Amino acid sequence: MSDSLHEPWLRGIAFNPAAPSDVLIRLVDSAAGEAGLLMCADRDLPDAVIDAALNHPDRVIRRALARNRHVDPARLASLATDPSGIVRGWLAGGAPAHLRPRWVRPLPDDVLVTLLTARDGGEDGTLTANEIVGALISSRQIPLAFHRSMAGHEHPQLRERATWEWQSLTAAQREALLHDPDPTVRKAAQEHSWVLDPERVEARLPSYGSRDKPFVLGRCALSPAVVERCFEEGTVHPLTRNPHTPVDAVVRLARHPEAQIRVLIAARPDLGPDLVAELREDPVGEVRIRASLHPFPRTWAEYWAIDRVVGHGPECTCPITEPTGEPSPDWFAACAVSEEPVLRRVAARFPGLPAGLVATLAQDDDEEVRILLACHHPLAPPHLLLNVFVTRPVHRPHLLTLPAFPRTGWARFIDHPDIDVRVLAAADPSLPGPPVKDADESVRRAAAANPNLTPEALEALLVDTRTAEGAAANPSLPVPRMHALLDHCLNGAAIPPSS
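Residues numbered from 1 in each chain as written. Predicted model: local features only at pLDDT ≥ 70, side-chain atom pairs only at ≥ 80, totals over all residues. Heavy atoms only, no water.

Caption draft 1: The nonpolar core, seen in detail. Ranked by size, the top nonpolar core spans 92 residues in total, and within it W9, L27 and M39 carry the most contacts. Counting residues in hydrophobic clusters, the runner-up holds 40 residues, among them V346, F350, L372 and L399. (Core = buried A, V, L, I, M, F, W, Y, C linked by side-chain atoms within 4.5 Å. Buried < 20%, exposed > 50% of the residue type's maximum accessible area, 1.4 Å probe, protein only.)

Next up, the structure:
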């Protein structure tokens, strides 16, 4: 049998959904090469296989498992104290930034505590504890609830870290940290409290470069002198979104000669009724729309919910974050029945929207509403997920990760010009004749993995280099046959004829 079939067979079996634990455990070995590493990193695994990978002596295997988004993260807890800093770092960092999914699954609290309070980076010295923490913070694997709990955590190191998010804390939490029994926490609280002190912000501002200064102007408490300088230098854009912008400056911004500044200011919750009425009569239509989107009283939570939608468009692939608890579900429900498409788009992003409103928005005339619903709501109907996949390729990687994404109903797309669409059609188990001779390799591979194939057809595809990987991944492949192929690839044994 040709050696050129070894790699396709190993990769196929590694991702065969019907492969039992005893088959997959054989691939948790360096002898399996890339196939074993890909399996540990990129597919759901039975408990026995996870245990084999967690206890494997080769850190490369443990490292691959550390980034597996299909495995319950609680099962990966031991990797937080792995002897290798590389393994800990991969667990903390999650998927690389360029491959990171839009929604990142959080790590359990006990794993976060272990990583954030570690005294070292592992026995091998490949990474420091601070480098691992840095990877964790940028990974988006820390849930909002954990962030909120750190200020009152029993571990002083976590309370110290809570001071880094000073503006996200409540007034009571800030006060408690400033008077914390631990001197290190008190010192950190005092150091980070500058962001809400206008005089300290003014003193620090010159030390920031042009890249970081807009961040300070957009989030920190500002003195009158700093605000006036922004107007003089024409750098008022960050002030439009800053909750701490003084009232008199907000009035000036609402009457700014630049229309885009008025657009950004028009939905602020701290505008007075008279100013809102003025903006609703603005000569620029976009200003009027922003000022009219929803009535008083407004909150900053509502402002940010709307701001996350305005201007993004149907191709937006921004990260999907967990709900913060504000605005209230009732507010989102009201948005769902609004005549304003922008507000219906806001509602479509809320995963807690009830089923009846989901069904209504799934038929909305506005395409952006339907796309946002498909990408954000767990009850989005399968036909909507299918339609968005076909019509908006940019959303395909995310849609494929959703539990409700349909795997049947694709037969009508078997001749579709888009290869990605034909791949799903070829894999549809309700398809009577999988296109194993399609011109595209990925379509042939999907067709060869279709469980509808007869045993005779599957055997023929198994020994064809163009379809061998797909055939080895076919769930109808008998388990003894899987073992025989592995015996041949890993041990050089002869392959007995298929039964």
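There is more to say after this.
Caption draft 2: Here's a closer look at the environment of R255. Looking at where R255 falls in the secondary structure, it is placed in the loop between α16 (247-254) and α17 (259-265). Take R255: its relative accessible area is 49%, and that puts it in the partly exposed class. Along the chain, R255 and Y208 lie 47 residues apart, while their C-alpha atoms are 29 Å from each other. Sequence-distant contacts of R255, that is, excluding residues within four places in its chain, are made with R262, L275 and E278. (Helix = DSSP H or I, 4+ residues; strand = E, 2+ residues; numbered from the N terminus. Contact = heavy atoms within 4.5 Å.)

Caption draft 3: Local environment of the packing of aromatic side chains. Per the stated rule, a full pass over the model turns up 10 aromatic pairs. Ring centres 4.2 Å apart and planes at 10° place the aromatic pair F332 and F350 in the stacked group. With F332 in helix α21 (residues 329-336) and F350 in the loop between α22 (341-348) and α23 (355-361), this residue pair connects regions lying 18 residues apart in the sequence. Overall, the relative accessible area of 8% leaves F332 in the buried class. Of the residues examined, F350 reaches a relative accessible area of 10% and is grouped as buried. Between F389 and W410 the ring centres are 5.6 Å apart and the planes differ by 85°, which places this aromatic pair in the edge-to-face class. You can see F389 sitting in helix α25 (residues 382-391) and its partner W410 sitting in the loop between α26 (396-399) and α27 (419-427), a full 21 residues away along the chain. Judged by relative accessible area, which is 0%, W410 ranks as buried. Each residue in the set F389, F405, W410 and F413 is aromatic and connected to the rest through ring pairs, giving one cluster. Note that R161 overlies the ring of W164, its terminal NZ or CZ placed 4.6 Å from the centroid. (Phe/Tyr/Trp six-rings, centres within 6.5 Å; stacked < 30°, edge-to-face > 60°. Lys NZ or Arg CZ within 6 Å of the ring centre and 35° of its normal.)

Caption draft 4: Here's a closer look at the pattern of salt bridges. Taken as a whole and judged by the stated rule, the model has 26 salt bridges. Put simply, E315 and R392 hold a salt bridge, and the shortest N to O gap is 2.6 Å. Of this pair, E315 sits in the loop between α20 (300-307) and α21 while R392 sits in the loop between α25 and α26; the two residues are 77 residues apart in sequence, bridging distant segments of the chain. On the basis of relative accessible area, R392 is assigned to the buried category, the value being 19%. The salt bridge involving E368 is made with R345; its shortest N-O contact spans 3.7 Å. Taken as a pair, E368 in helix α24 (residues 367-376) and R345 in helix α22 lie far apart in primary sequence, 23 residues in all. Look at R345 and you get buried, because its relative accessible area is 15%. Connected via shared salt-bridge partners are E7, R11 and E469. (Salt bridge = Lys/Arg side-chain N within 4 Å of Asp/Glu carboxyl O.)

Caption draft 5: Focus on helix α15 (residues 224-233). Within α15, the full set of buried residues consists of V226, V227, C230 and F231. Down the axis of α15, the sector holding all buried residues measures 140°, keeping them to one side. Set apart from the buried face of α15 by more than 90 degrees, the exposed residues are P224, E232 and E233. Those residues of α15 that are buried lie in contact with α13 (198-204), α14 (213-219) and α16. G234 occupies a position one or two residues after α15 and carries a positive phi of about 70°. (Arc of directions from axis to C-beta.)

Caption draft 6: Summary view of the side chain of R422. Along the chain, the position of R422 falls in helix α27. Relative accessible area serves as the criterion here: at 12%, R422 is assigned to the buried category. Within polar-contact distance, the side chain of R422 engages the backbone oxygen of H416 at 3.0 Å. Sequence-distant contacts of R422, defined by excluding residues within four places in its chain, comprise F413, I414, D415, H416, P417, D438, D440 and V443. (Polar contact = N/O pair within 3.5 Å; in protein donor to acceptor, adjacent residues only side chain to side chain.)

Caption draft 7: View of unusual backbone geometry. With omega at -10°, the peptide bond leading from E326 into P327 counts as cis. Among the structural elements, P327 can be located in the loop between α20 and α21. Its identity is not glycine, yet R140 carries a phi of approximately 65°, on the positive side. The exposure class of R140 is partly exposed, given its relative accessible area of 31%.

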